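# Descriptive structure summary
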Amino acid sequence: MAWTISSYSKGEVNRGGKVLIDPAATLEQRMQALDVMSSWRAAHAYPMHALLMMLRRKSSEIDKSAVVVQRHKRAPSIIDKLMRYPQMGLSRMQDIGGCRAIMSTVRDVEWLNEHIQKSSTRHKLHREYDYIKEPKDTGYRGIHLTYKYNGEKQEYKDYFVELQLRSKIQHAWATAVEIVDTFTKQALKSSRGSKDWLDFFQMAGAEFAKFERRPAGAHVEGIDTNTELRTLADRLNVVARLNAFAVSANHIVQKQNDKTDYFLLELMNDGNAIVVTQYKTSEFERATDAYLQKEKQAKGDTGYDVVLVAASSMHALHNAYPNYFADSTAFVKYIQRVLVGQK
């Protein structure tokens, strides 16, 4: 396979990023900037692949049922992050390329983190965020490791790749946030939206931390998180609404091929329909071209979302990205454990 190399310098990439958040930019300038962003994003495919192989190997040595996938950051997410951090150049964004390992237990996550960091690798660990020891105020938990690629292909030297390590329960929480964002037109993932929903997920994160016997976080000290969660779950009718979201998502698969490596997911009609287009490894360029065109078409359509991900099979894809199939089953199961007082 011929891996993509960016057609633009880092300076051009940073200028393109500024155009994407410039309210005075013309439509033509924005489209050109999207081309620059897409080229830069696609160039992360090989560094992501290299880190993905390492992550798959290390995770399987600890947990044979681990699910490991990779994903390119979506254009709306890139633009939103640039708007929140306008001084950060697009070329310095550390999570454009990401790989995720979902482990059976929180202890497996911690072992995997230790295993990766103690192993010999040419790639350079740039930064570690341990959101298990210190959960985010939102309730998010997991471990993020940012690496700089330092392999044989020097054209990708120092490209950032983020590794996300989560347990099943941490992953259930994170995907439920995205499901609610999709169906209620909020941005809870970025701490923007209804206070009730933000508080609900904050309390849910604390209760889930208790399940895993890990810190709930300084932000909930002195709060009866169990009582608060019960009150909010009832007020928001959480279980019924999440179950309704799942029923309303129609799964439409355009092409069947379980050996496919890339999947273009399109969530349409406010989450009421999903289209999955599969691409072989040799079709990566076609996949990225289609991804860019879909993103351009999606501008201004709040009922449409698209993402390009890589996974070994549809089963792995569904396990790793249940939010694109409105699958909140695991999250609802954990919430119901809280509601009935089960430890």
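Quick note: structure is the one above.
Overview of the structure.

### Here's the deal with the pairing of strand β8 (residues 273-279)
For β8, the tally of buried residues reaches seven of seven residues, placing the bulk of the element in the interior. Side chains Ala273, Val275, Thr277 and Tyr279 of β8 all project onto a buried face; the interleaved residues Ile274, Val276 and Gln278 project onto the opposite face, where all are buried too. In this sheet, β8 lies alongside strand β7 (residues 262-268) in antiparallel orientation, the contact comprising seven bridges. If you follow Leu267 over to β8, its bridge partner there is Ile274.

### A word on the side chain of Ser6
Mapped onto the elements of the fold, Ser6 is located in the segment before α1 (10-20). In this structure Ser6 comes out as buried when scored by relative accessible area, which is 14%. A distance of 3.2 Å separates the side chain of Ser6 from the backbone oxygen of Tyr8, its partner in a polar contact. Aside from chain neighbours lying at most four places away, what touches Ser6 is Ser39, Trp40, Ala43 and Tyr159.

### Observations regarding helix α4 (residues 75-84)
Extensive coverage of α4 is indicated by the burial of seven of its ten residues. Taken together, the buried positions of α4 are Ala75, Ser77, Ile78, Ile79, Asp80, Lys81 and Leu82. Packed against the buried residues of α4 are α1, α2 (27-42) and α10 (284-298).

### Things to note about the packing of helix α6 (residues 168-184) against helix α7 (residues 195-211)
Two quantities define a packed helix pair, namely the angle between the helix axes and the distance between the axes. Direction vectors running N to C along α6 and α7 enclose 170°, while the axes themselves pass 10 Å from each other. Classified by the angle their axes make, α6 and α7 are roughly antiparallel. Within the contact between the two elements, α6 uses Ile169, Trp173, Ala176, Val177 and Val180 and α7 uses Trp197, Phe201, Ala204, Gly205, Phe208 and Phe211. Split by residue class, the contact of α6 with α7 holds ten nonpolar, one polar and no charged.

### Re the layout of surface pockets
Roughly 320 Å³ of internal volume is contained in the second largest pocket. Contributing to the lining of the second largest pocket are 17 residues, with Lys168, His171, Asn319, Pro322 and Ala330 lying nearest its centre. Residue contributions to the lining of the second largest pocket peak at five residues, all from helix α12 (residues 329-339). By residue class, the composition of the lining of the second largest pocket is seven nonpolar, seven polar and three charged.

### Things to note about the pattern of salt bridges
By the definition in use, this model includes 16 salt bridges. With a closest N to O distance of 2.8 Å, Asp80 and Arg192 form a salt bridge. Taken together, the residues span a long stretch of sequence, with Asp80 in helix α4 and Arg192 in the loop between α6 and α7 at a distance of 112 residues. Asp199 is the salt-bridge partner of Lys195, the closest N and O atoms lying 2.6 Å from each other.

Calculation rules
Residues numbered from 1 in each chain as written. Predicted model: local features only at pLDDT ≥ 70, side-chain atom pairs only at ≥ 80, totals over all residues. Heavy atoms only, no water. Buried < 20%, exposed > 50% of the residue type's maximum accessible area, 1.4 Å probe, protein only. Helix = DSSP H or I, 4+ residues; strand = E, 2+ residues; numbered from the N terminus. Pairing = 2+ DSSP bridges. Polar contact = N/O pair within 3.5 Å; in protein donor to acceptor, adjacent residues only side chain to side chain. Contact = heavy atoms within 4.5 Å. Axes fitted to C-alpha atoms, helices over the stretch in contact; angles between N-to-C directions. Parallel < 35°, antiparallel > 145°, perpendicular 65-115°, else oblique. Nonpolar A, V, L, I, M, F, W, Y, C, P; charged D, E, K, R; others polar. 1 Å grid on protein atoms, 1.4 Å probe; cavity = no way out; pocket = protein on both sides within 12 Å on 5 of 7 lines; lining within 4 Å. Points joined across faces, edges and corners; volume = space filled by probe spheres on them. Salt bridge = Lys/Arg side-chain N within 4 Å of Asp/Glu carboxyl O.

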